[in-house]
Amino acid sequence: EGYEIHDNDRIVLDYGSAPVVGLEMAQGTVLLGMLPATAPNTVINFLNYVSDGDYTNSIIHRSVTNFVIQGGGYTTPSPTFNSVNDFISVPTDPAVANEFDSNVSNIRGTVAMAKFANQPDSATSQWFVNLSDTNATGNAALDSENGGYTVFARVLDMSVVDTIAAIARQDHNGAFVELPVDTGNQLVTISTAFGDGIVSGRVYVDEDSSGTYENGEQTLQGITIYSDTDGDDVPDADEFSVQTAADGT
């Protein structure tokens with residue numbers, strides 16, 4: 001019968017040499033083209049958060065006119081805003097070392113990592129989209145301040161970002177002094193963050209319960225592997241599926 005991917009299965013996502021990540025929101029989908037040649041470790045760091053599902057139901061918590069929109073820091077239980085006390089901090093991985101490249105400036109449409117003031121190597125989960133070419137060398141001086149802010153991606157189409165940037169803001173103190181809240185008290189929520197990937201592995205009988213395939217253990221051919229995203233135990237047309245080969249791969 002069909003095999004459903006379980007939480008304890010080992011799944012490796014291979015995004016390719018120049019991965020694209022989509023951030024799906026009510027305002028539309030923002031496509032981010034990664035720059036692994038410019039900031040390889042920062043790209044890996046960002047993709048780890050995407051793969052872990054940490055950006056699902058996260059919010060754009062900061063929007064500054066002609067400067068940036070910022071996200072990656074908080075999730076919400078509901079897209080309808082009630083209180084900042086409902087927000088949950090995104091669990092962070094160890095900070096990634098700064099990889100600012102002077103050849104890739106913080107101009108309009110670039111995506112960079114946020115970090116603590118005077119701590120160049122403090123970036124974790126938060127990121128921002130630059131809204132203006134003046135961010136690089138203007139008052140913000142993002143190309144020189146705090147060791148320079150690492151650009152790791154570019155937005156492929158800024159129309160949705162500009163829609164978000166035009167949403168009215170509310171002041172709720174602390175990290176939420178410029179919180180964008182749309183009509184009907186709706187937050188700007190990333191319903192899902194996704195990318196094209198490859199699932200690889202082997203289906204086999206783990207006879208010694210070692211968690212690792214070993215020569216001599218039975219492999220299973222013709223097993224349908226699929227992502228049961230709607231939980232109905234049936235592989236549907238919009239869910240990826242593949243059958244295992246003779247060696248279980």
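In the block above lies the structure referred to throughout.
Residues numbered from 1 in each chain as written. Predicted model: local features only at pLDDT ≥ 70, side-chain atom pairs only at ≥ 80, totals over all residues. Heavy atoms only, no water.

Okay, empty space enclosed by the protein next. Summed over all chains, the structure comprises 2 cavities of 30 Å³ or more. Here the largest cavity defines a volume of roughly 50 Å³. Its volume calculated, the second largest cavity comes out at about 30 Å³. Around the second largest cavity, the lining residues are L23, M25, V30, I69, W127, V129, V161 and I164. Among the secondary structure elements, those contributing two or more residues to the lining of the second largest cavity are β2 (20-25), β8 (127-130) and α2 (159-165). Among the residues forming the lining of the second largest cavity, the class breakdown is 8 nonpolar, no polar and no charged. (1 Å grid on protein atoms, 1.4 Å probe; cavity = no way out; pocket = protein on both sides within 12 Å on 5 of 7 lines; lining within 4 Å. Points joined across faces, edges and corners; volume = space filled by probe spheres on them. Helix = DSSP H or I, 4+ residues; strand = E, 2+ residues; numbered from the N terminus. Nonpolar A, V, L, I, M, F, W, Y, C, P; charged D, E, K, R; others polar.)

Our focus in this paragraph is the environment of V96. By the element assignment, V96 lies in the loop between β6 (88-89) and β7 (110-113). On the accessibility criterion, V96 (10% relative accessible area) is buried. Through-space distance from the C-alpha of V96 to that of G28 is 29 Å; in sequence the pair is 68 residues apart. Excluding its chain neighbours within four sequence positions, the residues that come into contact with V96 are N41, T42, N45, D121, S122 and A123. (Buried < 20%, exposed > 50% of the residue type's maximum accessible area, 1.4 Å probe, protein only. Contact = heavy atoms within 4.5 Å.)

Moving on to the sheet that holds strand β12 (residues 186-187). Reading across from one edge, β10-β11-β12 is the order of the 3 strands in this open sheet, with antiparallel pairing throughout. Each of the sheet's edge strands pairs with one partner strand only, and the pair in question is β10 (169-170) and β12. (Pairing = 2+ DSSP bridges.)

The two faces of the sheet receive side chains in turn, since in a regular strand these alternate between them. Burial along β7 is two-sided: T110 and A112 and V111 and M113, pointing in opposite directions, are all buried. Bridging between β7 and β8 involves 3 bridges; their strand directions are antiparallel. Bridging across to β8, A112 finds its partner in F128.

Right, let's get into the side chain of T75. Among the structural elements, T75 can be located in strand β5 (residues 68-75). For T75, a relative accessible area of 15% gives the class buried. Those residues within four positions of T75 in sequence are excluded, and the remaining contacts are D54, T56, N57, S58, D86, F87, I88 and V90.

Turning next to unusual backbone geometry. In the Ramachandran plot, A141 falls in the positive-phi region, its phi being about 50 degrees despite a non-glycine side chain. Mapped onto the secondary structure, A141 falls in the loop between β8 and β9 (151-155). Residue N173 is not a glycine yet carries a positive backbone phi of 70 degrees. Following the sequence through the fold, N173 ends up in the loop between β10 and β11 (179-182). Assessed through its relative accessible area of 56%, N173 is described here as exposed.

Once that is clear, we can look at a negative patch on the surface. Residues D230, D232, D233 and D238 make up a contiguous surface patch of negative charge. Relative to the helices and strands, D233 resides in the loop between β14 (224-226) and β15 (241-243). Judged by relative accessible area, which is 53%, D233 ranks as exposed. (Patch = residues over 30% accessible without salt bridge, like charges linked within 9 Å, V, L, I, M, F, W, Y side chains within 5 Å. Areas by Shrake-Rupley, 256 points an atom, 1.4 Å probe, with all protein chains shown as cover. Salt bridge = Lys/Arg side-chain N within 4 Å of Asp/Glu carboxyl O. Lys, Arg positive; Asp, Glu negative; His and termini not counted. Charge placed at Lys NZ, Arg CZ, Asp CG, Glu CD.)

Our next topic: a nonpolar patch on the surface. Together, V20, L31, L156 and F194 make up a nonpolar patch on the protein surface, roughly 330 Å² of accessible area in all. With respect to the helices and strands, the residue F194 is situated in strand β13 (residues 189-195).

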